[in-house]
Every structure is written in structure tokens, then in C-alpha cells.
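A look at the structure
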Amino acid sequence: MSKIGETTLEIDLFALEHNFNYLKSRITPGTMFLAVVKAFAYGSDMITIAKKLVQLNVDYFAVAYTKEGILLREAGIESPILVLHPQPVNFEVLIDNCLEPSLYSPRILQLFLEAAKAKGLQQYPVHIKFNTGLNRLGFWENDITPILEQLTDRNEVRIKSVLSHLAASEDIKEKAFSLQQIEDFTAICQRLNAHLGYRPIRHLLNTSGILNFPQAAFEMVRSGIGLYGYGNNAEIDAKLKPVATLKTVISQRHKIAPGESVGYNRRYRSNDYRITATLPIGHADGIGRQYGGGKTNVWVNGKKAPIIGNVCMDMIMIDVTDIDCKEGDEVLIFGHEHSAEDFANSANTISYEILTAISQRISRRIKS
Ligand SMILES: *Cc1c(COP(=O)(O)O)cnc(C)c1O
């Protein structure tokens with residue numbers, strides 16, 4: 001592969017296809033698959049990822065906000081798109097773009113019904129989200145009767161799916177809690193269906209849910225992080241392939257004498273001769289200040305180099321004293337071989353956070 005020449009996020013569509021097929025192999029054939037592409041497809045490239053998933057016959061997309069769904073429509077994506085966390089101020093534009101809202105409270109349902117009526121809609125697909133223990137978004141089980149009352153004799157909307165979200169699907173210590181959520185969700189759907197006279201699609205599982213509780217796949221599953229190559233534990237990570245690989249280059253090398261310091265606030269202080277390299281990536285690119293101070297490594301010609309001193313807006317400095325390298329050489333931040341999960345763990349966070357932090361100003365290069 002040709003030299004990157006600048007900070008680049010490589011996006012491997014073969015890895016995406018591998019992960020998609022792997023996740024599908026873990027659930028009953030015929031189960032619908034919703035791909036979560038919010039936050040620029042977890043910091044990668046939402047449009048490229050979505051187009052590839054369309055080719056792979058994905059059934060559904062989900063985004064968090066209405067704006068993200070509009071970007072997909074503007075790129076020509078025609079698949080159904082669920083908006084997980086819409087706001088009423090956007091209902092009109094959501095409808096204009098054939099996006100499907102997750103309705104999560106009596107207030108949101110009422111306001112959507114009003115917007116649907118104003119637009120003269122009939123049988124518009126909506127999704128009803130229940131809270132079964134995450135206590136973040138969703139109707140409570142007690143809301144079933146009021147929901148049904150709100151919908152009586154109204155033809156503006158049709159419940160296309162019913163969903164909930166697990167609170168700790170990756171955590172085996174919380175297995176009993178997850179099983180209770182599964183049971184409660186099943187009961188909620190049963191009660192609702194008995195009154196509706198039709199059967200909306202049911203979906204509960206995120207990536208870790210698919211891996212740990214495949215018996216609760218219902219008619220559809222929702223996966224984000226797994227598609228991008230991470231499974232919330234080392235054993236699964238070994239079966240998945242990272243889609244995003246972040247690389248940069250050495251801009252300049254410096255010889256540091258004993259007693260000198262490196263970077264803002266002189267945070268790194270040297271007590272012997274060191275060689276440092278300056279890289280064109282910083283906190284404005286998503287490498288937060290928590291990665292500074294020597295805790296986190298990047299990889300230069302196959303060897304570990306710690307990020308030293310304070311992370312700057314557009315630069316980091318690394319220690320390459322014991323590494324054979326020169327200006328212009330490539331540096332691997334994370335991705336293939338050195339996972340974003342390990343990189344994130346060094347600063348007490350998770351792959352989700354570092355992946356979605358990667359700034360849109362970094363060049364993307366697609367491998368397909
Ligand atoms: C983000 C999100 C997902 C995706 O979760 P992963 O752990 O990335 O698979 C699924 N469902 C909901 C409601 C979400 O907000």
C-alpha cells in the first residue's frame with residue numbers, strides 16, 4: 001500500500017463484511033439485522049459504511065439524531081432508518097426525509113401524532129421504545145394502556161417495531177439483570193400485541209447482547225460496535241476485525257538533553273538524553289489529554305513509543321529514543337494489530353469513546 005503521508009484513518013470494508021457475517025452467524029438465520037451507524041459510523045465514515053452494508057443486504061439502519069438520518073438520505077440510502085433519539089423540533093424534517101422515529105415518552109408520542117396529523121400522514125411507521133432497566137429513554141410498562149388510548153381511532157401512525165435496550169449486556173456478573181430485562185420485554189410485547197391485533201417487529205439486543213443472549217434476538221438485532229470490529233471482550237475481539245486503523249507520520253525528531261522539558265507546561269522533564277518525535281495529531285483530532293503523560297503507547301516500526309507530556313491541539317510528542325526511525329516514517333496509533341480497545345483502556349476508557357472521537361478533519365482512506 002502506498003504511503004499515507006499525513007494522518008489518515010484507513011477504513012477496511014473487507015473487515016466490515018467479515019464482522020457483519022460473523023455477527024449474523026451468531027443468530028438464527030432470517031433474523032433481521034439493523035446496523036447502527038450513528039456518530040459517523042462510530043467515527044469512521046457513515047456514508048461509505050452504509051453503502052457497503054446496503055450491498056450486504058442489511059435490513060435497517062439506526063442513527064441517534066435526525067440530522068444523521070438526513071445525511072444518509074442525501075447520500076441516496078433508501079433503506080428504512082430508525083432515529084433513536086429524535087427531538088420534536090425536527091419532526092417535520094424527519095417526516096420529509098422518510099425517517100422513522102423511536103417514540104419514548106407520552107409527550108413525544110403526543111407531539112409526533114400532532115405532527116403526523118398536520119402532515120396528513122396515514123400509517124406512518126413509528127417505533128415504541130420501552131425502558132426495562134437502563135433508565136435512560138423509554139416508556140414504562142405502566143404506559144401501555146395510555147399508549148393504546150392515545151392511538152385509539154388514530155390512523156396517522158402504525159407501530160412498526162417495539163424495542164428496549166439492555167443495561168449491562170457485556171457484563172456476565174449482571175446476567176440475572178439482563179435475563180430479567182429479556183423477560184420483562186417479552187411480557188410487554190405480549191401485552192401490547194394482544195391489543196394491537198398485529199405484531200410489530202421486536203428488538204432488544206446490541207452487539208454484546210447478540211453475543212451473550214442470542215436466544216433473545218426476537219425478529220431483529222441492532223449492532224454497532226461489533227460491525228466496527230470490537231466485541232467488549234478479548235475472546236470475541238479475536239474473531240472480529242477492526243474496520244478503522246488510525247495512522248500518522250513523524251513530522252520532526254528532537255534530541256533532548258538532561259534537564260530539558262517537552263511540550264506545554266513543561267509536563268515531560270528529561271533526566272538524560274532522549275529522542276522525541278512530533279506527530280501531526282492532537283486533541284482536536286480526538287486524542288484527548290488523558291492519553292498524555294506517558295501512559296499510552298503508539299507504534300513506530302513495530303515498537304512501542306509512549307505519548308509524553310501534554311497532548312496539544314494538533315500535535316503529540318512521543319519518545320523514540322530506542323527506536324530506529326526517521327522523519328516521514330509512519331506511526332500506528334491503533335487499529336490492525338493494536339486495538340482501539342487497548343489504546344482506550346490505557347486512559348481508562350472504552351473503544352466506543354476513542355473511535356467516535358476521531359475528528360472529521362482527518363483524511364479517510366477506504367480499503368475495498
Ligand atoms: C448505540 C446503540 C446500539 C448499538 O450498541 P452496540 O453496543 O454498539 O452494538 C444499540 N441500541 C441502541 C438503543 C443504541 O443507542
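**Overview of helix H3 (residues 46-55)**
Residues lying three or four places apart along an α-helix face the same way, a consequence of the helix completing one turn every 3.6 residues. Among the residues making up H3, those that are buried are Met46, Thr48, Ile49, Ala50, Lys52 and Leu53. Positive phi appears at Asn57, one or two residues downstream of H3, with a value of about 65°.

**Describing the domain arrangement of the protein**
Per the domain assignment, the segments of the protein are domain 1 (31-228) and domain 2 (244-367). For domain 1 and domain 2, the distance between their C-alpha centres works out to 38 Å. Contact residues are listed per partner, giving 8 residues for domain 1 and 8 residues for domain 2. Of all residues in domain 1, the largest losses of buried area upon contact with domain 2 belong to Tyr42, Gly43 and Ile225, amounting jointly to 50% of the total for that side.

**Thoughts on the nonpolar core**
Ranked by size, the top nonpolar core spans 115 residues in total, and within it Val37, Ile49, Leu53 and Phe112 carry the most contacts. Lining this core are residues from two domains, each supplying at least three of them: domain 1 (31-228) and domain 2 (244-367). Setting aside residues no more than four positions away along its own chain, Leu53 makes contact with Leu16, Phe20, Ala35, Val37, Val58, Phe61 and Leu227. Grouped together as the second largest cluster of nonpolar side chains are 6 residues, Ile256, Val262, Ile308 and Cys312 included.

**A short note on the site of the ligand**
Close to the ligand lie 14 residues, the nearest being Lys38, Tyr42, Thr207, Ile225 and Tyr352. The side chain of Tyr42 places a nitrogen or oxygen atom 2.5 Å from an oxygen atom of the ligand. Taking Thr207, its side chain carries an N or O atom lying 2.5 Å from an oxygen atom of the ligand. Relative to its unbound accessible surface of 390 Å², the ligand loses 93% to contact with the protein. Taken together, the elements giving at least two residues each to the shell around the ligand come down to helix H2 (38-43) and strand E9 (220-223). Of the residues that constitute the shell around the ligand, the class distribution is 5 nonpolar, 5 polar and 4 charged.

**Topic: the packing of aromatic side chains**
A full pass over the atoms with the stated rule returns 9 aromatic pairs. Ring geometry for Tyr291 and Phe343: centres 4.7 Å apart, planes at 25°, overall stacked. Separated by 52 residues along the polypeptide, Tyr291 in the loop between strand E14 (274-279) and strand E15 (297-300) and Phe343 in helix H11 (residues 340-345) bring together distant segments of the chain. Judged on exposure class, the residue Tyr291 and its partner Phe343 are both buried. Through a chain of ring-to-ring contacts, three or more aromatic side chains come together here, namely Tyr42, Tyr228 and Tyr352. Over the ring of Tyr198 we find Arg158, and its NZ or CZ is 4.1 Å from the ring centre.

Thresholds applied
- Sequence order sets the numbering: in each chain, residues are counted from 1 along the sequence as written.
- Given that the model is predicted, a residue must reach a pLDDT of at least 70 before its local features are reported, and side-chain atom pairs must reach 80 or more before they are shown or counted; all residues, however, enter totals for whole chains, interfaces and linings.
- The basis for every side-chain value is the complete set of heavy atoms in the structure, and neither hydrogens nor water enter the calculation.
- In this scheme, a residue with accessible area under 20% of its type's maximum is buried, one over 50% is exposed, and one in between is partly exposed, where area comes from a 1.4 Å probe on protein chains only.
- The way it works is that DSSP assigns letters per residue, a run of H or I at least four long becomes a helix, a run of E at least two long becomes a strand, and they are numbered from the N terminus.
- For every domain, the bounds stem from an assignment made automatically or drawn from a database.
- The contact criterion used throughout is that any non-hydrogen atoms of two residues lie within 4.5 Å.
- Here's the idea: put two parts together, see how much 1.4 Å probe accessible area each one loses, and the total over both is what we call buried area.
- Among buried residues, those of type Ala, Val, Leu, Ile, Met, Phe, Trp, Tyr and Cys that are joined through side-chain atoms within 4.5 Å constitute a nonpolar core.
- Put simply, a residue is near a molecule or strand once any heavy atom of it comes within 4 Å of that molecule or strand.
- The term polar contact refers here to a pair of N or O atoms within 3.5 Å; inside protein, the definition further demands a hydrogen-donor-capable atom paired with an acceptor-capable atom, and it admits residues adjacent in sequence only when both atoms are side-chain atoms.
- Computed with the Shrake-Rupley method and a 1.4 Å probe, the accessible areas treat only the protein chains shown as cover for residues.
- Under the convention adopted here, Pro, Cys and the residues Ala, Val, Leu, Ile, Met, Phe, Trp and Tyr are nonpolar, Asp, Glu, Lys and Arg are charged, and Gly plus all remaining residues are polar.
- Working definition: a ring pair exists when centres of Phe, Tyr or Trp rings (six-membered ring for Trp) sit within 6.5 Å. Plane angles under 30 degrees give stacked, over 60 give edge-to-face, the rest tilted.
- Here, a charge over a ring is recorded when the distance from Lys NZ or Arg CZ to the ring centre is within 6 Å and its angle to the ring normal is within 35 degrees.

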